Amino acid sequence: MNSTLKSILIKHKIKIIIGALASYVIGFIIYWHSLPSDLFKTPCNTVLYSSEGRLLNARTSSDEQWRFPHNSEVPDKFAKCIINFEDQYFYYHNGINPISLFRALYQNTRSGKVKSGGSTISMQVIRLHREGKPRTIKEKITEIILASRLELRYSKKEILALYTSNAPFGGNVVGLDAACWRYYDIPPENLTWGQAATLAVLPNSPALVHPGRNRDILIEKRNNLLEKLYNKGYFDTLELLLAKSEPLPGKPHSLPQHSPHLFERLRAEGYDGENIITTINYNMQIRATQIAESHHKRLKQNNINNLAIIVCDTESGDVLAYIGNNYSTTQAIDGMHVDIITSLRSPGSLLKPFLYAAMLSDGYILPNTLVPDIPTNFKGFSPENFNKTFDGAVPASRALSRSLNVPSVRMLQDYSTEKLMDILKEIGFSTLTKSANHYGLSIILGGAEINLWEATGAFASMGRLLINYNPENKYNSTVFRQLNLIKNKTHSKNTTDFAHLPVSAGAVYHTIVSLKEVNRPEEDFFWRDFSSTFPVAWKTGTSYGYRDAWAVGVTPEYTVGIWVGNASGEGRPDLTGINAAAPIMFDVFKILKPTKWFTPPWDDMEEVEICKQSGHRASNICTDTDSLWIPINGLSSLPCPYHQIIHLDRNELYRVNSSCESISNIVSRSWFVLPPVQEYYFRQKNAFYEPLPPIRNDCMRQVQKNMELIYPPNNSRIFIPIEIDGKEGEAVFKLAHRNENSEVHWHLNNEYITTTTVFHEINIRPKSGKYVLTIVDNNGETITRYFEVITRK
């Protein structure tokens, strides 16, 4: 019986122990998980800072509070102030100060009301976390328990930062960071002793900060705290007097609203509710904004309402200024809310440098290779130069620096749209999402859409390639990357690694040199001086219909991108890259004052003999040559095709051949000869050009093609509109002939029309239908062309 009872008692004790242990374990688990992983889930402001830590932009959170994101750093002055005012034993307790609790209990019991809570900073963090809970004994016990758990999870530094970031500072201001900017317009680390002490007393009595009320009480509390700090030896008597003399904050400051479009862009990219330390240079942002506002006054007189500016460091790609659209605080501007920097727009001629660089890099051309500049028609697409004229033939570098359309289209025809698009995508243009057939040759004249962000980044990448060129590491594809907005962000490549760079360093160097030679606008004498003081490689673009004006310039130090126009897409007269965008770009460079220039990548180039007249590699019959460093792949380019050996009579007045002149009397010379149509236009602008001497009459054998039809192309369809008066319009047929004095006879469907001399051009009004055009000169040389006329009503 006794053994049975003992056994029962033992089992009962074991159950009690197990129960107690289970209760303890459960209680411990509940205690351990009593705090959520994120104590504060209240919405925070998105706050934009410059690279120097200066405030650029901030707006209230969704609950209309000024509550900056959590700051893990508490300034030393404020830390000393808040601890000495709220919890002087903060570093010595584990979340609860029994002495403070008993003192508060005594004071509250004696007064019959709550005069003191006896809360430590840790307990106040819990109270802020449990916002809205009534101040009861039960709640106080909960705060005590959770404060002890808080101390186990966080360090004292972290607990102080939690309190500082979430304490109320009066009105709708929460947290020290917001209070510093709202009351003193400074960052927390710049607080003086007087300012830090003033802010330290506010969480305990937030209403004291109200301007015009409670000022004496606030001053008294602040000064008492300063006396306490002085007595502890934190500062000397002079600092005490200076701190006490500081004025209290007045009306809260309005926070800066710089870079509104950048602010919205970063919010949309996932930085909402965060402290964003950007790469923006504060002073550069302000100066760029001033330039934008100044030029907007000029532009709006022509009903041009919008412009954008982006400035970046060429080597790093860090953005230094970001004006997404001209911004006015005094009036609403049409389309002002649109961030033009990321908006898709027609680039006009802005992509021409990349075609030039690609063709140089692949050996299609040399820097000064002659390119045809003549009337051109590709399946109904007839490009025109801006000035509506033709040069016949022009060096590729001059075609780029003068931004000639016809040579660029003909170059792209030789290179292919598909290959150019591949290069553009590798360089960083991600918006070319359609096929090469969709864009066609017009892509080089603005027939695609890009944005200022990627355009500026692409020019910066070309500059970066030259800055970082290293013969031992030629193919570092990280040089071609997007621009960067976030400070200390690791740069990433646009795409996967390439087997080689999209364009070579040598090709980029010659492209930069050509862009440096772009003619500055002549209206402003400063720009002409600028080229010798601050060398800049730059390119403009003007879209069809004068809707978009672009200018992008690059130096080893800075890259600047400008867009001007109307966000609505409305075109305006004189809205061109030269007249509207370039002046802004040069004003920006004027304040940047670049001082460096690019070093030639000698190891990526080879010195060769060049024909000075054609720009090709010199052949053995080129008479005037020079040496030039060219991209290595240019070694495979064709030698000069324009010099040829011609045979002249003894007086060198006529061309002859062995059928009409004794070989002993024939003089052979090398002669620079352009095709007839190129020659026709080239001679008009180049007096030095020597046309071929005429063929002597007794020399019957034809040795050279003498004429070429400019218009119409063979097998073409000609659209002739009806004029306003109801009459059919005219078609203009044009021909080039080497011999100015030659007569040319025109026939249509075997019927004679007319004869022309010197200027071989006729106007006719053919009816709708199919035709055969036959042209014969005095020497019997004949051209036959087929075409169809369509009368457009």
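So, how was this worked out
- Residues numbered from 1 in each chain as written.
- Predicted model: local features only at pLDDT ≥ 70, side-chain atom pairs only at ≥ 80, totals over all residues.
- Heavy atoms only, no water.
- Helix = DSSP H or I, 4+ residues; strand = E, 2+ residues; numbered from the N terminus.
- Buried < 20%, exposed > 50% of the residue type's maximum accessible area, 1.4 Å probe, protein only.
- Contact = heavy atoms within 4.5 Å.
- 1 Å grid on protein atoms, 1.4 Å probe; cavity = no way out; pocket = protein on both sides within 12 Å on 5 of 7 lines; lining within 4 Å.
- Points joined across faces, edges and corners; volume = space filled by probe spheres on them.
- Nonpolar A, V, L, I, M, F, W, Y, C, P; charged D, E, K, R; others polar.
- Lys, Arg positive; Asp, Glu negative; His and termini not counted.
- Salt bridge = Lys/Arg side-chain N within 4 Å of Asp/Glu carboxyl O.
- Polar contact = N/O pair within 3.5 Å; in protein donor to acceptor, adjacent residues only side chain to side chain.
- Core = buried A, V, L, I, M, F, W, Y, C linked by side-chain atoms within 4.5 Å.
- Pairing = 2+ DSSP bridges.
- Axes fitted to C-alpha atoms, helices over the stretch in contact; angles between N-to-C directions.

Colleague: Go over the overall build of the chain with me, naming the residues and quoting the values.
Modeller: Looking only at helices and strands, the chain features 22 helices and 24 strands. Sorting the 793 residues of the chain into buried and exposed places 50% on the buried side. Restricting to contacts in the chain with at least 6 residues of sequence separation, those with at least 24 account for 67%.

Colleague: Residue-level account of empty space enclosed by the protein, with values.
Modeller: Taken as a whole and assessed by the stated rule, the structure comprises 2 cavities of 30 Å³ or more. Size it by volume and the largest cavity reaches roughly 50 Å³. As for the largest cavity, its lining consists of Lys352, Leu355, Tyr356, Ala396, Ala399, Leu400, Ser408 and Met411. Where the lining of the largest cavity is concerned, the elements lending two or more residues are α13 (352-361), α14 (396-401) and α15 (405-415). A breakdown of the residues in the lining of the largest cavity according to their chemical character gives 6 nonpolar, 1 polar and 1 charged. For the second largest cavity, the calculated volume is near 30 Å³. Of all the secondary-structure elements, those providing two or more residues to the lining of the second largest cavity are α6 (156-166) and α7 (176-184).

Colleague: Describe the side chain of aspartate 649, with residues and values.
Modeller: Along the chain, aspartate 649 falls in the loop between β15 (643-648) and β16 (667-672). Nearest to the buried, unbridged aspartate 649 among oppositely charged side chains is arginine 696, at 4.4 Å. Only 2.9 Å separates the side chain of aspartate 649 from the backbone nitrogen of leucine 653, close enough to count as a polar contact.

Colleague: Residue-level account of the nonpolar core, with values.
Modeller: If you look at the biggest cluster of nonpolar residues, it comprises 76 residues, and the most contacted ones within it are Tyr322, Phe354, Phe429 and Ile443. With 9 residues, the single largest contributor to this core is helix α18 (residues 452-467). Within the second largest apolar cluster, 58 residues are counted, among which are Phe90, Ala178, Ala196 and Phe235.

Colleague: How would you explain the sheet that holds strand β11 (residues 548-554) if you had to name every residue and give the values?
Modeller: Taken in spatial order, the 5 strands line up as β7-β6-β12-β11-β10 in an open sheet, and their pairing is antiparallel. Two strands in the sheet have a free side with no partner beyond their single neighbour: β7 (319-323) and β10 (537-542). Pairs of neighbouring strands in the sheet enclose a mean axial angle of 5 degrees, with direction left out of account. Relative to strand β12 (residues 558-565), strand β6 (residues 306-313) runs antiparallel, the two sharing 8 bridges. Paired with cysteine 312 across the strands is threonine 559, a residue of β12. In the packing of α18 onto the sheet, contacts are made with β6, β7, β10, β11 and β12, and the angle to β12 comes to roughly 155 degrees.

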